[in-house]
Amino acid sequence: MTSVPATVKTACPYCGVGCGVLATATGGRGATIAGDPNHPANNGRLCSKGTHLEETIGLEGRLLHPMIGSERAGWHEALDLVASRFAATIAEHGPDSVAFYASGQMLTEDYYAANKLMKGFIGTANIDTNSRLCMASAVAAHVRAFGEDVVPCSYEDLDQADLILLVGSNTAWCHPVVWQRIEAARAARGTKLVVIDPRRTETAERADLHLAIAPDTDIALFNGLLLEMKARWQLDGGHLATRTSVNDGFWESIATSDVAAICDVAPADLATFYDLFTDHPRTVTLFSQGVNQSTSGTDKANAIINLHLATGRIGKPGSGPFSITGQPNAMGGREVGGLASMLAAHMGFSDAERDRAQRFWQSPTICPGPGLKAVDMFDAMAKGKIKAVWIMATNPAVSMPDARMVRVALANCPFVVVSDCIADTDTQRYAQVRLPALAWGEKDGTVTNSERRISRQRSFMTAPDEARADWWQVAEVGKRMGFSEAFAYPDAASVFREFAAQTGFENAGTRVLDISDRATMSNADYDDMAPFQWGGASPFATRDYPTADGKARLIPVTYVPRADGSRGMPMRLNTGRYRDQWHTMTRTGLSPKLSQHRREPLVEIHPDTVRRLGLTDGGLARVATPHGASIFRVAATADQRRREMFVPIHWSDQTSGGGRTGLLPGNDRDPVSGQPGFKNIPATASAYKPGWTAFLVTRTRPAAPDCAYWTAIRTANGWLIELAGDGDPADLVALLPQGERAEMIDARRGVIRSAVVVDGHLHAALFASRSGGLPPREWLVARLGQGNTPMIEVLAGRPATPVADRGPIVCVCFDIGLKTIVSAIADQSLISVEAVGKAINAGTNCGSCRPAIANLIPRQKELAHG
Ligand code: SF4
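Criteria and thresholds
- Residues numbered from 1 in each chain as written.
- Predicted model: local features only at pLDDT ≥ 70, side-chain atom pairs only at ≥ 80, totals over all residues.
- Heavy atoms only, no water.
- Helix = DSSP H or I, 4+ residues; strand = E, 2+ residues; numbered from the N terminus.
- Rg over C-alpha atoms; globule rule 2.2 N^0.38 Å.
- Buried < 20%, exposed > 50% of the residue type's maximum accessible area, 1.4 Å probe, protein only.
- Contact = heavy atoms within 4.5 Å.
- Areas by Shrake-Rupley, 256 points an atom, 1.4 Å probe, with all protein chains shown as cover.
- Lys, Arg positive; Asp, Glu negative; His and termini not counted.
- Charge placed at Lys NZ, Arg CZ, Asp CG, Glu CD.
- Near = heavy atom within 4 Å.
- Nonpolar A, V, L, I, M, F, W, Y, C, P; charged D, E, K, R; others polar.
- Salt bridge = Lys/Arg side-chain N within 4 Å of Asp/Glu carboxyl O.
- 1 Å grid on protein atoms, 1.4 Å probe; cavity = no way out; pocket = protein on both sides within 12 Å on 5 of 7 lines; lining within 4 Å.
- Points joined across faces, edges and corners; volume = space filled by probe spheres on them.
- Phe/Tyr/Trp six-rings, centres within 6.5 Å; stacked < 30°, edge-to-face > 60°.
- Lys NZ or Arg CZ within 6 Å of the ring centre and 35° of its normal.
- Pairing = 2+ DSSP bridges.
- Axes fitted to C-alpha atoms, helices over the stretch in contact; angles between N-to-C directions.
- Core = buried A, V, L, I, M, F, W, Y, C linked by side-chain atoms within 4.5 Å.
- Polar contact = N/O pair within 3.5 Å; in protein donor to acceptor, adjacent residues only side chain to side chain.
- Left-handed = near helix turned anticlockwise from the far one by under 90°.
- Expected span 1.5 Å × (residues − 1).

1. Comments concerning the overall build of the chain
Along the backbone of the chain there are 29 helices and 34 strands. Relative to its length of 866 residues, the chain is compact, with a C-alpha radius of gyration of 27 Å against a globular reference of 29 Å. By principal-axis analysis of the C-alpha atoms, the chain measures approximately 80 × 70 × 55 Å. Looking at the chain as a whole, 63% of its 866 residues qualify as buried. Counted over contacts in the chain with a minimum sequence separation of 6, partners at least 24 positions apart contribute 72%. Total accessible area on the chain stands at roughly 29,800 Å², and carbon and sulfur atoms take up 51% of it. Considering the chain, the positive charge centre built from 88 side chains and the negative charge centre built from 90 side chains are found 3 Å apart.

And the structure:
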């Protein structure tokens, strides 16, 4: 038995930056976490999510045993049932009657095993992934332009660029360590930054130029820029002639008149944009979900790639179109064929490629062609065509667009299997079989980050109870379906070696993805494997593009306004992430620190629009689209364009009775990639004026409240639950736990103030009011679990000696609020983020709040008097 080293080098399980992490188990379920100074993706940095990973590795909420229905089952029984039901379904209805829905959270080994089982042994390509929702359009654009899904850049290019364009990317929040790298480059070499985003995000506020374009007008902008470069003689004739293929009529096809009007930006800003691009040939265009999550996402990505190909800004230091992924292993999934639109090892579905895959796997069959993409898969399930589905490491009942339809589909599906480390997600409620998976810290395998760098994710804690690896679960089902030899993997290293071998099988240089030099590595070498980049730092610096003639393609793309009209809904809705939360909060929601940054799901709306719609800043609004509606807290902000709104994606049935963004987008999707349009959705907002508002601070979380709006967020000692509804607020008292109670109730005015004390310590406090007047939460949250607090102060909701209001928390590492920072800036005349850090520590740990602090410095006067 090998001894477990004290500190383990692993990789962060959240975003596609793929930061290296040093994890040191401290006994039980504890660990200390630090950035790995030797990992090339982050050089020791971690953002707030990575920094607070140790708060998320406990066993709370874990699924620890296989479950059939609501009964605990043994692994053999559960796996036998999965295999027999899949086999029976296939026998009766054919291979296309079953499906697998995977996730960018899975390790490459997990993905590889699942893809092999579905495409090679069951004989259907009905395996798709939540990465379809994240970056499928970038994949499709790469294949169209380069012939293969190859990201042509590395993070090093960000260090060497003179101009960085961020398109549809709130990098400071969603990829914070890449953002810190960009800021370092700007400080070191004066790199110019242009942000193209309808919202003025923290990222946009830091830019030299922010183009707040109208949603989905990116194609017009980039076509306009390319034509302007042509007019200014800025094209690279040599690169165009020798390394690209440009069809007749291409230039006519991208003709775009009046770009400024289409994009709704000032002509002077557009001219500045053109000048910056002209003056800075070393350009990286980093793009993310604002490009991909669109009904024209593939064309948008190709418009960006066209620009780089035509100006020769690719394959050179500091240059290239750079798609950055949302999930930690979206790229690994792409490599092994985790998408229904790819086969394996970057092969397509031609007869020759299918034959090659079948011979490599020595499989009894092979899928006849592409399978159902995510939306189509759940649509087929709703129509009864998919009769058995296995969902792994994802929560589609929350994260898919048109979540209501997805729930209908899951309810209709005769056999649903869910593998997850969490016991109760919205999706698990539809499962007949639940299989306990390993969580981060227990998993062992590989992940690939946005720059094609493969890193080991290593375990540093033992698996709890009966939780087992995802690849093992797939292999065991494969064996039970009669494929014993093909799935006889003793360990993750064996799966990785087979994947590595497949990338080189009859490749002969036709595909850039080739890691077959790892196919014979020993288990010890696999354990020790250092991060490495397939394709090298700049794959197209010298080698041909992986097309039949070795040339890249410029793709004609034309701007077409989105056709869904207003449908009586004059606003447009955009969706996205918060800085400190991840996906559906099943893990980051466990962290009290991370929960401080945004405690409720906010709908952000321009103040003029708030007034026009009769809303109230801090009040509640019902946001509706043609597909659904949900209630959000209103945040008035001039960072929004006037006819647009923004809502976060994170809240689920587990955490909220409102804020359900998944209900709002429809199934409209990009015709090439099948990626749904999560942004630019017709919408409207109207005031929701509840009969009462309330909040509860409590050590123990009650059952989900039955009212129009509620959100539950973790605090250091318990929970903060915000509530609003109609009817009699006295019903809320049922939410209080048992204990010694003190209360003040004015039934006529609908005022309730009730506190519960257990063993002399404050256990819960409930405040409700019909007039909306409620005390601040901070002091009560801090008193939770404490003794010796006078009841009169608890019922007043404030201490006898007032404490300063810190304002909303900006720096979660040190619990520092906005008002504290603004006061420090004003009182001490601080003029830099570093000076603020020295004075009050804010921003000196993970650095995720540094953009917010930087943006507060010039605004402190306005905020101090606001
Ligand atoms: Fe993890 Fe943050 Fe690094 Fe992303 S930027 S990989 S979330 S530490």
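Moving on from the coordinates now.
2. Notes on the site of the ligand
Neighbouring the ligand are C12, Y14, C15, V17, G18, C19, L46, C47, K49, G50, P176 and V177. Among the residues making up the shell around the ligand, the classes are represented as nine nonpolar, two polar and one charged.

3. Topic: the pattern of salt bridges
Inspection of every chain in the model, using the stated rule, returns 52 salt bridges. Here R356 ties to E506 by a salt bridge, and the two come within 3.4 Å at their closest N and O atoms. Placement of the pair is R356 in helix α17 (residues 351-361) and E506 in the loop between α22 (492-504) and α23 (523-528), with a sequence separation of 150 residues. Under the relative-accessibility criterion, R356 is labelled buried at 16%. A cluster of three or more residues bridged by salt bridges with shared partners is formed by D80, E476, K479 and R480.

4. Describing empty space enclosed by the protein
All told, the structure shown has four cavities of 30 Å³ or more when counted by the stated rule. Space inside the second largest cavity adds up to approximately 120 Å³. T56, I57, A439, W440 and R587 are, among the 15 residues lining the second largest cavity, the residues nearest its centre. Classifying every residue of the lining of the second largest cavity by side-chain character gives nine nonpolar, two polar and four charged.

5. As for the packing of aromatic side chains
Under the defined criterion, the tally for this structure stands at 23 aromatic pairs. When the centroid spacing of 5.3 Å and the interplanar angle of 70° are considered together, the rings of F121 and F487 count as edge-to-face. Placement of F121 in helix α3 (residues 108-122) and of F487 in the loop between α21 (470-480) and α22 is noted, with a sequence separation of 366 residues between them. Residues F121 and F487 agree in their burial class; the two are buried. Pairing F540 with Y545 gives two aromatic rings, centres 4.5 Å apart and planes at 45°, and the pair type is tilted. In this structure Y545 comes out as buried when scored by relative accessible area, which is 1%. By the ring-pair criterion, three or more aromatic residues cluster together here, those being F86, F100, W390 and F415. Lying over the aromatic face of F646, R199 brings its terminal NZ or CZ to 3.4 Å of the ring centre.

6. Some points on the sheet that holds strand β27 (residues 692-698)
Reading across from one edge, β28-β29-β27-β32-β31-β30 is the order of the six strands in this open sheet, with antiparallel pairing throughout. Each edge of the open sheet carries a strand with a single partner, namely β28 (709-715) and β30 (740-746). Between one strand axis and the next, the sheet turns by 10° as a mean value, whatever way the strands run. Two elements, β28 and strand β29 (residues 718-725), share seven bridges in a ladder whose sense is antiparallel. The residue of β29 that forms the bridge with Y709 is A724.

7. Structural notes on the nonpolar core
Counting residues in hydrophobic clusters, the biggest one holds 117 residues, and the most contacted among them are F86, L221, F222, F273 and W390. With eight residues, α3 is the single largest residue contributor to this core. The contacts of F222, once residues within four sequence positions are left out, are L165, V167, I196, T285, A303, I304 and L307. Core analysis: the second largest hydrophobic core is formed by 62 residues, C12, C19, A41 and W173 among them.

8. What to know about the side chain of E476
Looking at the element boundaries, E476 is found in helix α21. Looking at E476, its side chain comes within polar contact range of the side chain of K479, at 2.9 Å. Looking at E476, its side chain comes within polar contact range of the side chain of R480, at 2.9 Å.

9. Looking at the sheet that holds strand β19 (residues 532-533)
Pairing in this open sheet of three strands is antiparallel, and the strands run β17-β18-β19 from one edge to the other. If you trace the sheet from one side to the other, it starts and ends with β17 (445-448) and β19, each paired once. As paired elements, strand β18 (residues 453-457) and β19 share two bridges and run antiparallel to each other. Residue pairing in the sheet places I454 in a bridge with F532 of β19.

10. Here we look at helix α4 (residues 136-146)
Within α4, nine of the eleven residues are buried, leaving the element largely enclosed by the surrounding structure. Taken as a whole, α4 has its buried residues at A136, S137, A138, V139, A140, A141, H142, A145 and F146. Residues of α4 that are buried sit in contact with β12 (283-287), α14 (289-292), α15 (297-310), β13 (320-323), α16 (330-336) and β20 (552-553). Downstream of α4 by one or two residues, G147 has phi in the positive range, about 90°.

11. A few points about the packing of helix α2 (residues 75-93) against α21
One can describe the packing of α2 onto α21 by two numbers: an axis separation of 9 Å at closest approach and a directional angle of 65°. Crossing hand, α2 versus α21: right-handed. Here W75, H76, L79, D80, V82 and A83 of α2 come into contact with α21, specifically with W472, Q473, E476, V477 and R480. Its residues assigned to classes, the contact of α2 with α21 comprises six nonpolar, two polar and three charged.

12. Notes on the pairing of strand β3 (residues 30-35)
Every second residue of β3 is oriented toward a common face, the buried set being A31, I33 and G35 and the non-buried set G30, T32 and A34. Pairing of strand β2 (residues 20-27) with β3 involves six bridges; the strand directions are antiparallel. The partner of V21 across the bridge, within β3, is G35. Where β2 hands over to β3, the hairpin turn is made up of two residues, of which G28 adopts a positive phi near 60°.

13. Quick word on the environment of N523
Within the element layout of this structure, N523 appears in helix α23. Non-local contacts of N523, meaning those with residues more than four positions away in its chain, are made with D491, A493 and R497. In this structure the side chain of N523 is engaged in a polar contact, spanning 2.9 Å, whose partner is the side chain of D491.

14. Remarks on helix α13 (residues 267-279)
Taking 1.5 Å as the rise per residue, α13 with 13 residues should run 18 Å; its terminal C-alpha atoms sit 18 Å apart, in good agreement. The complete set of buried residues in α13 reads L270, F273, Y274, L276, F277 and T278.

15. Concerning the environment of G589
Summarising the element assignment, G589 is placed in the loop between β21 (571-576) and β22 (602-605). Apart from the residues lying within four places of it in its own chain, the contact partners of G589 are Q581, S595 and R714.

16. A word on unusual backbone geometry
For A345, which is not a glycine, the phi torsion comes out positive at approximately 50°. With respect to the helices, strands and loops of the structure, A345 is situated in the loop between α16 and α17. Since its relative accessible area comes to 0%, A345 is described here as buried. Even without glycine at this site, N680 takes up a positive phi of about 60°. Within the secondary structure, N680 sits in the loop between β25 (644-648) and β26 (681-688).

17. Some thoughts on the pairing of β21
Here β21 lies mainly inside the structure; six of its six residues are buried. In β21, alternate side chains face the same way, and those of M571, L573 and T575 on one face and R572, N574 and G576 on the other are all buried. For β21 and β26, the ladder comprises three bridges, and the chain directions are antiparallel. Each bridged residue has a counterpart across the sheet, and for M571 the counterpart in β26 is A683. Where β21 meets β25, five bridges bridge the pair, whose relative direction is parallel. Each residue of the ladder has a partner; that of T575, found in β25, is V647.

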